[in-house]
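# Architecture at a glance
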Amino acid sequence: RFSADLLCVTDHQSSVLGNVMRLFCCVVGLATVAAVVSAEAAPPPLEAFGSLPAISRPHLSPDGKHLSAIEPLNGHPTIMVFEVGAAPGTQPIAFTGENWVPRDTMWVNNDRLVGILETERLRNESTGRQLRGFARAVSLSVSGKKPVLLMNNQRLMQINNGTAQVVGVDPNDPDHVLMEAWDWNKELATDTRLVKPDVEFNLYRVSLEDGGADRVGHGTTKTSDWIVNGQGKLAARLDQDTDLRTTVYLNEGGDSWRQGFTYSSAKGEELGVLGVTSSGALAILRYGARDTLGIDSFPLDGSAFGPALFAPANSDVEEYVADDWTNEVVGARYYTDRLETWYLDPKLEAIQKGLEKALPGETVTIVSWDKPREHFLVATEAPREPRVYNLFTHSTGQLVALASQYPTLQAADLGEMKPYNYAAADGTPIHAYLTLPPGRTPKNLPTVIFPHGGPEARDGLDFDWWAQFMASRGYAVLQPNFRGSSGYGWKFVQASFGQWGTGKMQGDVSDGVKKLVADGIADPKRICIVGASYGGYAALAGATFTPDLYTCAISVAGLSDAASLMGNAARLAGANSDAVAYWRSRLGDKASDSAYLGAISPASHAANVRAPVLLIHCAQDLTVPVGQSILEQSALEAAHKDVQFVQIDGDDHYMRQE
């Protein structure tokens, strides 16, 4: 949708990243977009659904005069900066590059914003060995100053996979940000080898103008995170020992620390320090005495846990909301059927409720605001309405639509999506969502069973481009929130432990198939199971362990061998890490039992498969390595099954390229 004229090229690279950090600044002109096909004549083309969203991750500058966002440029995600309220034809600035993918942006002052960049395509030039993914932060300028790699004077960039996390800002110092990284501990190091016992995790004050970093917080070899308050001052430090016990230390000034509380992640239970509230308390994500995940407060004086800041009665907190300018925790989001937002801040809560009242039936999400809280970016969406970003002006109450993520799709092109709840075989209630093909009677339909990834994630009444694409082709689409899905409390998560393969997680999916057939909605001879990541595993498990249910199976970035999952987690995060503890808990007590892992691995039982299988996997996937699909292909071919494998080069687990 855009054509680019290259205006300037800068080559700012570190010794570790090489050409990954080549940045290009260009001005782009908006091309005319015309509807390709009438909804009355035919369903929209594949590209109307599958192209990258036309806009995502928008943020307002402090003065509200500029808007940053990620948009596709020649099929590649690109950081764009627009002038708000500019005359028609005014061209945005684009920051793009060859070998990195922007994840997000954040404004620090009216000229400088930080771009968060990722790559999973780095290779060691001497050995050709695939390296881990890297994340980096770059300071970008609206006025045309050179892009600057942040923390560029760090000595140990090669062991810092993620020098992109901005943990805080000082409102009185708009030319710096606070970031964290590993550094060499000279006192502990015994030789020149770079191993974790020789390094410490520190906090740095980083210049947006030259990228240089100065240490302001001295961590230890156990430090895992830093927390600052809304004024950019040290509030807390988190240290984790080898038994995965995390101790929260409260800052008393300078290098003086006092122990607050300790928690453990050895059992895979989600708990963490989110940040600081405006009242000066730590916001803690935890279950506490509840079954549901809520946000509790812990005073910085270390006295004791205070009352819950927010704990939805019948749902879990899905994410928290932080203020762009102070990084303080100001709200939380959770699901009923739609994604709901609650604010601790009274003004934000009033604006949220007012917008919801004005836009009934839509999911309303405030995604950004300027520093005076006069202008707000508001996202609206519904199952048949792709997300639209709007500009809301508080003083006038005016709401102006800016851009749609899928501008060529209309409600008439899309299927009705509604809750479709049922009981599992043992009586457990399963919440699910059914999307029906537009213009079709819901009887005897070809059907796609579409389990989500995670597995600790969930589906809701949102616009889903993939489900809607399949519905536009005539399929009913069922999205079950099986045991282990988030949003239903800790007991519902625990009920999934050790229930992979032929267990209750897959049983919940199978019971949804049987319900659709019993209700006469699905044609039992035309049911396909499709999924990505854990959903890809569920697709393979469905075709392998319940072969009578499915006519075909499609696995995108799916797992086929459980033992390799544990090995990959240990390789990336360490054998004694939160990631490995998480997967051990999810796989159950037999997570180290090779016989059990083989029993739940589709690749070990390829002879059971009857339906044709399509495997799709990106070559640079570090979350579920492409070898998982290669192994499944080999197993199916050895068993003389019908299998196709499509490998996508140049992309990762999240398929962020077009």
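## Some thoughts on the overall build of the protein
Each helix and strand in the protein was counted, giving 10 helices and 39 strands. Among the 658 residues that make up the protein, the fraction classed as buried is 55%. Considering only contacts in the protein between residues 6 or more positions apart, those separated by 24 or more positions represent 55%. Accessible surface computed for the protein: about 27,300 Å², of which carbon and sulfur atoms make up 51%.

## Looking at the sheet that holds strand β22 (residues 294-299)
The strand order β20-β21-β22-β23 describes an open sheet built from four strands, whose pairing is antiparallel. A single partner strand is all that each edge strand has here, and the edge strands are β20 (272-276) and β23 (308-310). The average angle at which neighbouring strand axes cross in this sheet is 35 degrees, direction not considered. Note: β22 against β23, two bridges, orientation antiparallel. Its bridge partner lying in β23, Asp 296 is registered against Ala 308.

## Things to note about the state of the cysteines
Overall, the coordinates contain one disulfide when judged by the stated rule. There is a disulfide in this structure between Cys 528 and Cys 552, and the S-S distance comes to 2.4 Å. What sets the handedness of the Cys 528 and Cys 552 disulfide is the S-S torsion sign, and at about -125 degrees it is left-handed. Taken together, the positions of Cys 528 in strand β36 (residues 522-532) and Cys 552 in strand β37 (residues 552-556) put the pair 24 residues apart, joining distant regions of the chain.

## Details of the side chain of Thr 78
With respect to the helices, strands and loops of the structure, Thr 78 is situated in strand β5 (residues 76-83). On the accessibility criterion, Thr 78 (0% relative accessible area) is buried. For Thr 78, the contacting residues outside a window of four places in its chain are Ala 69, Ile 70, Glu 71, Leu 73, Ala 94, Phe 95, Thr 96 and Pro 102.

## Some details on the nonpolar core
Generally speaking, soluble globular proteins have nonpolar side chains that are buried together. In this structure, Leu 434, Ile 449, Trp 500, Leu 516, Tyr 550, Leu 587 and Val 613 are the most contacted members of the largest nonpolar core, which totals 54 residues. By residue number, the principal contributor to this core is helix α6 (residues 534-545), which donates eight residues. Beyond its immediate stretch of four places on either side in the chain, Leu 587 contacts Gly 498, Trp 500, Leu 565, Met 566, Tyr 596, Leu 597 and Ile 600. Among the nonpolar cores identified, the runner-up in size contains 25 residues, and Val 81, Trp 107, Ile 351 and Val 364 belong to it.

## Some remarks on the pattern of salt bridges
One pass over the structure, following the stated rule, counts 26 salt bridges. For Asp 173, the salt bridge goes to Arg 205, with nearest N and O atoms at 2.9 Å. Taken together, the residues Asp 173 in the loop between β12 (166-168) and β13 (176-184) and Arg 205 in strand β14 (residues 199-207) connect sequence positions 32 residues apart. On the basis of relative accessible area, Arg 205 is assigned to the partly exposed category, the value being 32%. Close ionic contact of Glu 319 with Arg 333 constitutes a salt bridge, the shortest N to O distance being 3.1 Å. Here Glu 319, found in strand β24 (residues 317-322), pairs with Arg 333, found in strand β25 (residues 329-335); they are 14 residues apart in sequence, far enough to count as distant.

## Regarding the environment of Glu 374
Assignment of secondary structure puts Glu 374 in the loop between β27 (363-369) and β28 (375-382). Take Glu 374: its relative accessible area is 21%, and that puts it in the partly exposed class. Expressed as a C-alpha distance, the spacing of Glu 374 and Thr 393, which sit 19 residues apart in the sequence, is 5.9 Å. Once you skip the residues sitting within four places of it in the chain, Glu 374 turns out to touch Phe 392, Thr 393, His 394 and Ser 395. Among the polar contacts listed, one links the side chain of Glu 374 to the side chain of Ser 395, at a separation of 2.5 Å.

## So, unusual backbone geometry
Cis geometry is adopted by the peptide bond preceding Pro 455, which originates at Gly 454 and carries an omega value of 0 degrees. Note that Pro 455 resides in the loop between β34 (445-449) and α3 (465-472). One non-glycine residue, Arg 57, adopts positive backbone phi at about 50 degrees. Position of Arg 57 among the secondary structure elements: in strand β3 (residues 56-60). Positive phi is not limited to glycine here, since Arg 373 has a value of about 60 degrees. As for its placement among the helices and strands, Arg 373 is situated in the loop between β27 and β28.

## A word on the pairing of strand β26 (residues 339-343)
Extensive coverage of β26 is indicated by the burial of four of its five residues. Across five bridges, β25 lies against β26 in antiparallel orientation. The residue of β26 that forms the bridge with Gly 331 is Tyr 343.

## Comments concerning the packing of aromatic side chains
How two aromatic rings sit relative to each other is set out by the distance from centre to centre and by the angle between their planes. Enumeration over the complete set of coordinates arrives at 24 aromatic pairs. These aromatic residues form a ring-pair network of at least three members: Phe 482, Trp 500, Tyr 534, Tyr 537, Tyr 582 and Trp 583. Here the basic side chain of Arg 237 rests over the ring of Trp 257, its NZ or CZ set 4.9 Å away from the ring centre. Here Arg 286 stacks its cationic end above the ring of Phe 305, 3.8 Å away from the centre of that ring.

## A few points about the side chain of Asn 481
Structurally, the position occupied by Asn 481 is in strand β35 (residues 476-481). The contact partners of Asn 481, leaving out residues within four places of it in the chain, are Ile 430, His 431, Ala 432, Tyr 433, His 452, Arg 458, Asp 459, Tyr 488 and Phe 492.

## Here we look at helix α2 (residues 346-358)
Relative to the 18 Å expected for 13 residues at 1.5 Å per residue, α2 spans 18 Å between its end C-alpha atoms, a close match to the ideal helical length. Inspection of α2 places Leu 348, Glu 349, Ile 351, Gln 352 and Leu 355 among the buried residues, and these make up the whole buried set. Take α2 and look down its axis: the buried residues cluster within an arc of 165 degrees, on one side only. In α2, those exposed residues whose orientation departs by more than 90 degrees from the buried face are Pro 346, Ala 350, Lys 357 and Ala 358. Those residues of α2 that are buried lie in contact with β25, β26, β27, β28, β29 (385-393) and β30 (398-404). One side-chain oxygen at the N-terminal end of α2 lies 3.0 Å from the backbone nitrogen of Lys 347; it belongs to Asp 345.

## With respect to the environment of Leu 565
Mapped onto the elements of the fold, Leu 565 is located in helix α7 (residues 562-573). Sequence separation between Leu 565 and Val 580 is 15 residues; the distance between their C-alpha atoms is 9.3 Å. Not counting residues within four places of it along the chain, the set of residues in contact with Leu 565 comprises Trp 500, Leu 559, Trp 583, Leu 587 and Gln 628.

## Points about the sheet that holds β26
The antiparallel open sheet is built from three strands, whose spatial order is β24-β25-β26. Two strands lie at the open edges of the sheet, namely β24 and β26, each paired on one side alone. Going from strand to strand, the sheet's axes swing by 25 degrees on average, the running direction of each strand aside.

Parameters at a glance
Chains are numbered independently. Their residues run from 1 in the order of the written sequence. Given that the model is predicted, a residue must reach a pLDDT of at least 70 before its local features are reported, and side-chain atom pairs must reach 80 or more before they are shown or counted; all residues, however, enter totals for whole chains, interfaces and linings. No hydrogens and no water enter the side-chain calculation; it runs on all heavy atoms of the structure. A helix here means a DSSP run of H or I that spans at least four residues, while a strand means a run of E at least two residues long, and both kinds are numbered starting from the N terminus. We call a residue buried when its accessible area falls under 20% of the maximum for its residue type, exposed when it is over 50%, and partly exposed in between, using a 1.4 Å probe and counting protein chains only. The contact definition used throughout considers only heavy atoms, calling two residues in contact when any of these lie within 4.5 Å. Note on areas: these come from Shrake-Rupley sampling with a 1.4 Å probe, and a residue is covered only by the protein chains present in the view. The rule for pairing is simple: two strands pair if DSSP sees at least two bridges between them. In this analysis, axes come from line fits to C-alpha atoms, helices being fitted only over the stretch in contact, and the angle between any two N-to-C directions falls in the range 0 to 180 degrees. Any pair of cysteine sulfurs within 2.5 Å is marked as a disulfide. By convention a nonpolar core is built from buried Ala, Val, Leu, Ile, Met, Phe, Trp, Tyr and Cys residues, the set being connected through side-chain atoms within 4.5 Å. In the sections that follow, a salt bridge refers to a side-chain nitrogen of Lys or Arg positioned within 4 Å of a carboxyl oxygen of Asp or Glu. Counting of polar contacts relies on pairs of N or O atoms within 3.5 Å, with two restrictions inside protein: one atom must be capable of donating a hydrogen and the other of accepting it, and residues adjacent in sequence are counted only when both atoms are side-chain atoms. Only rings of Phe, Tyr and Trp enter the pairing, Trp through its six-membered ring, and a pair is recorded when the two centres are within 6.5 Å. The plane angle decides the type: under 30 degrees is stacked, over 60 is edge-to-face, the rest tilted. Charges are assigned to positions over rings by a cutoff of 6 Å between ring centre and Lys NZ or Arg CZ, combined with an angular limit of 35 degrees from the ring normal. Expected helix span is computed as 1.5 Å times (number of residues minus one). It is the directions from the helix axis to the C-beta atoms whose arc is reported.

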